[in-house]
Every structure is written in C-alpha cells, then in structure tokens.
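Structural features, examined
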Amino acid sequence: MAAIASVALGLISFLLPETPPKAKGKAQLSSALGADAFVLFKDKPYLIFFIAALLVCVSARFLLWMGNVF
C-alpha cells in the first residue's frame, strides 16, 4: 500500500506547477545556515515556549530512558 501511494504521489508531483525560487540577490552563509531564525527569540511568548519545550524534552528523555524498568 505504501509503495502504491508513493508511486501515485510521485506521478502527481509532475502535474504541479513550476515554482522557481525568487532571486533576492547574493546568498549569504548565515541565511543558508538558518541564523536568521534567532530573531524569533526577541518575541517573549516564543522564547517562553522554546524554553518550556526544551525543559519538557530534557525531562522526557530521562523518563523514557528508565521506562523499560517499569
């Protein structure tokens, strides 16, 4: 089933319109590495969400590490 769906989606992809990227001038290394995304940390709700998600992921890692004992 997955192979059939993959072939069907692959064939459908040839019917999509051509959308070349827009030229913005010379490419910079910082934008290629995603350094522009650090601007999001100036937004306080996003910063709080990021810190909370980081803490949850760290604590979940330790929880799952000893999960097989139980």
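Overview of the structure. For clarity, every value in this text was computed on a predicted model and none was experimentally measured. (Residues numbered from 1 in each chain as written. Predicted model: local features only at pLDDT ≥ 70, side-chain atom pairs only at ≥ 80, totals over all residues. Heavy atoms only, no water.)

1. Some points on the environment of phenylalanine 62
Here phenylalanine 62 lies in helix H3 (residues 44-65). Take phenylalanine 62: its relative accessible area is 55%, and that puts it in the exposed class. As a C-alpha pair, phenylalanine 62 and alanine 8 span 54 residues in sequence and 41 Å in three-dimensional space. (Helix = DSSP H or I, 4+ residues; strand = E, 2+ residues; numbered from the N terminus. Buried < 20%, exposed > 50% of the residue type's maximum accessible area, 1.4 Å probe, protein only.)

2. With respect to the packing of aromatic side chains
For the structure on display, the rule yields four aromatic pairs. Relative to phenylalanine 41, the ring of phenylalanine 38 lies with its centre 5.9 Å away and its plane at 35°, an arrangement referred to as tilted. Consider the rings of phenylalanine 41 and tyrosine 46, whose centres lie 5.8 Å apart with planes at 45°: the pair is tilted. By the ring-pair criterion, three or more aromatic residues cluster together here, those being Phe38, Phe41, Tyr46, Phe49 and Phe50. (Phe/Tyr/Trp six-rings, centres within 6.5 Å; stacked < 30°, edge-to-face > 60°.)

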